[in-house]
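Analysis of the macromolecular model
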Amino acid sequence: MTIPLPAGLTAETKTLSGWGRTNPVSAQVIQPSSVEQLQELIRGAPPRSLIARGLGRSYGDAAQLKDGTVIELPAFNRIELDPASSTVTAGAGVSLDQILRVIVPAGFFLPVTPGTRNVTVGGAIAADVHGKNHHVDGSFGNHVQRLLLVDGTGTLRELTPSGRGSFDEAEFFWATVGGMGLTGVIVEATFSLIPITSSLISVDTTRYRDLESLMAAMVEADTKYRYSVAWVDSLDPKGRGVLTCGDHAPAEALPKSQQSNPLYYDPKALASAPPFLPGGLLNKFTVRAFNEAWYRKAPKHGVGELQAIAPFFHPLDGVQDWNRIYGPAGFLQYQFAVPNEAAHLVPRTLEALRQVGAPSFLTVLKRFGPSNPAPLSFPIPGWTLAADVPAAVPGLLEVLDQLDEEVAAAGGRLYLAKDSRQAREMFLRSYKQYSEWARPSRLLDPLAVFYSSIRNRAGLH
């Protein structure tokens, strides 16, 4: 759908997909240079014509719209650190990577970081991203103190979690957090930071021979560590795995050789995946070999190892374009959250993927703490499992459909930022607070100007 463009704004037609490289669409991409230009664009846009996009790291189809107009915001690149209040104000187009390069040398860290630093501030809020510290600090939206949003009428709104006395404004804030860009375009945000005295993480690592003992150790770790995450060998019937836990290391705990510059931070991508892999590199043989090596390289019980921020929080960022290893058919990430009482769905899912022959070398298990007020925010107290599997595996979709049923029946849900396939019925059954999102969403965007592939597929109307 071609829409009128403000003076000085041009469009480029591109093929877009999520990080999983599935469900590609053709869309025109524009990059407004100011709030005023963005407002003019929105005011002239018809229904179902716009969606904002960050750096394309949403695995599914949340930031794309077939034959629509996709808004990118590289010009919204302000970064202003306020050390006195331990906050940063940043434009929505700024990446977490850019922010880290400013705040870490100044003695601060992000309140929440996902598994990649290559996401924008706008994307982090729209997906309400979570990290290894959800059981302690919640998700990204918990730490946002204010945001600026251009809604579906072209109105610039300043929103806060409390609404400053206005119930509607608080609803608008929480509908935008986790709202997948469907309430408007976030243009700026202020959020709190974690003070640190070094850029290193003190890490404890333990291997477990089976999933039961691994999960028991994870529950125990909830009260001991700020950060925890487990890697699970998806091909091992016993579910062996490696639990990695950590906290920010104080400067005085560093070796003398590093105490002169305790806040040093300079991450680099070390390699790049080949641009074209006809069938991908992943099959049960290569994944089995990788999993064996990954399990064996972890210490049986390592204590106090000092790791840099990049390898601890963002290990895959060390390989550029790593999503290419799945080949041209791409991959799906199946990530669900279930309550503690539905912990049995973790081994159940791993077994189902083994039976269908879906190899996953990226199988991650984490703990979630309390939810925040955002109706479409993904985390709920309990467990979250994420498994990356090649999209071309025969019978995979049928198995995932069955798992969807079990997840929904147990009170769980799928992560919208990772999803590329769930049906409307699954969404409505699992996101039971949807109606609490729909009301403020309609007030912010009465003509449904903001639309996306996932909104169409999952029926967020």
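To start, this report covers the structure provided alongside it.

Scoring rules and cut-offs
Residues numbered from 1 in each chain as written. Predicted model: local features only at pLDDT ≥ 70, side-chain atom pairs only at ≥ 80, totals over all residues. Heavy atoms only, no water. Helix = DSSP H or I, 4+ residues; strand = E, 2+ residues; numbered from the N terminus. Rg over C-alpha atoms; globule rule 2.2 N^0.38 Å. Contact = heavy atoms within 4.5 Å. Areas by Shrake-Rupley, 256 points an atom, 1.4 Å probe, with all protein chains shown as cover. Lys, Arg positive; Asp, Glu negative; His and termini not counted. Charge placed at Lys NZ, Arg CZ, Asp CG, Glu CD. Pairing = 2+ DSSP bridges. Axes fitted to C-alpha atoms, helices over the stretch in contact; angles between N-to-C directions. Buried < 20%, exposed > 50% of the residue type's maximum accessible area, 1.4 Å probe, protein only. Polar contact = N/O pair within 3.5 Å; in protein donor to acceptor, adjacent residues only side chain to side chain. Salt bridge = Lys/Arg side-chain N within 4 Å of Asp/Glu carboxyl O. Phe/Tyr/Trp six-rings, centres within 6.5 Å; stacked < 30°, edge-to-face > 60°. Lys NZ or Arg CZ within 6 Å of the ring centre and 35° of its normal.

Concerning the overall build of the protein chain
Looking only at helices and strands, the protein chain has 13 helices and 21 strands in total. Relative to the compact-globule value of 23 Å for 461 residues, the protein chain shows a C-alpha radius of gyration of 21 Å, a close match. Taking the principal axes of its C-alpha atoms as reference, the protein chain extends roughly 60 × 55 × 45 Å. For the protein chain, restricting intrachain contacts to residue pairs at least 6 apart in sequence, the fraction spanning at least 24 positions comes to 75%. Just so you have it, the protein chain exposes about 18,100 Å², and 54% of that area is on carbon and sulfur atoms. Charge separation in the protein chain, taken as the distance between the mean sites of 42 positive and 43 negative side-chain charges, equals 4 Å.

Observations concerning the sheet that holds strand 21 (residues 413-414)
Taking strand neighbours across the sheet as the criterion, the eight strands line up as 16-12-14-13-19-20-18-21 in an open arrangement whose pairing is antiparallel. The open sheet has two edge strands with one neighbour each: strand 16 (301-308) and strand 21. Of the pairings in the sheet, the one linking strand 12 (residues 200-208) to strand 16 comprises six bridges and is antiparallel in character. Note on strand 16: the bridge partner recorded for Thr 206 is His 301. In the packing of helix 9 (residues 345-356) onto the sheet, the strands contacted are strand 13 (227-232), strand 18 (331-338), strand 19 (363-368) and strand 20 (382-390), and the crossing angle to strand 20 comes to about 10°.

Section: unusual backbone geometry
The phi angle at Arg 21 is positive, at roughly 65°, despite the residue not being glycine. Within the secondary structure, Arg 21 is located in the loop between strand 1 (11-16) and strand 2 (25-30). For Arg 21, a relative accessible area of 29% puts it in the partly exposed group. The phi angle at Asp 128 is positive, at roughly 45°, despite the residue not being glycine. Along the chain, Asp 128 turns up in the loop between helix 3 (121-126) and helix 4 (134-137).

A short note on the pairing of strand 10 (residues 184-192)
Within a regular beta strand, the side chains point alternately toward one face of the sheet and then the other, so they alternate between its two faces. Of all nine residues in strand 10, nine are buried; the element is thus mostly enclosed. Judged from the five bridges that link them, strand 6 (residues 87-91) and strand 10 form a sheet pairing that is antiparallel. Counterpart to Thr 89 in the pairing with strand 10 is Thr 190. When strand 8 (residues 144-151) meets strand 10, the two strands line up antiparallel, connected through seven bridges. Bridging from a neighbouring strand, Val 150 pairs with Val 185 of strand 10.

Some thoughts on the sheet that holds strand 1
Across the sheet, which stays open at both edges, the four strands sit in the order 1-2-4-3 with mixed pairing between neighbours. Of all strands in the sheet, those with a lone pairing partner are strand 1 and strand 3 (50-52), marking the two edges. Going from strand to strand, the sheet's axes swing by 40° on average, the running direction of each strand aside. Two elements, strand 1 and strand 2, share six bridges in a ladder whose sense is antiparallel. Bridge pairing in strand 2 links Thr 15 to Ser 26.

Describing the side chain of Thr 120
Here Thr 120 lies in the loop between strand 7 (108-109) and helix 3. Residue Thr 120 is classed as buried on the basis of its relative accessible area, which comes to 6%. Side-chain polar atoms of Thr 120 contact the backbone nitrogen of Gly 123, separated by 3.0 Å. Beyond its immediate stretch of four places on either side in the chain, Thr 120 contacts Gly 54, Leu 55, Ala 92, Gly 93, Val 94 and Ser 95.

Some words on the pattern of salt bridges
A side chain with one charge may pair with a side chain of the opposite charge, provided their charged atoms come close. Throughout the structure, instances matching the rule amount to 24 salt bridges. Residue Asp 233 pairs with Arg 240 through a salt bridge whose shortest N-O separation is 2.8 Å. A relative accessible area of 4% means that Asp 233 is categorised as buried. Residue class for Arg 240 comes out buried when judged on its relative accessible area of 12%. Across the pair Asp 419 and Arg 457 runs a salt bridge, and its minimum N-O distance is 2.8 Å. Taken together, the residues Asp 419 in the loop between strand 21 and helix 11 (424-430) and Arg 457 in helix 13 (residues 453-458) connect sequence positions 38 residues apart. Look at the salt bridges and you will find they share partners, linking Arg 57, Asp 97, Arg 101, Arg 117, Asp 266 and Asp 317 into a network.

Things to note about the packing of aromatic side chains
Tallied over the full model, the rule gives 16 aromatic pairs. Geometrically, the ring pair formed by Tyr 326 and Phe 331 is stacked, given 4.3 Å between the ring centres and 25° between the ring planes. Each member of the pair, Tyr 326 as well as Phe 331, carries the same accessibility label: buried. Members of the aromatic cluster, joined through ring pairs, are Trp 19, Tyr 59, Trp 322, Tyr 326 and Phe 331. Lying over the aromatic face of Trp 19, Arg 57 brings its terminal NZ or CZ to 3.7 Å of the ring centre. Between Lys 418 and the ring centre of Tyr 59, over which it is positioned, the NZ or CZ distance is 4.8 Å.

These results come straight from atomic positions and should not be treated as a statement about function.
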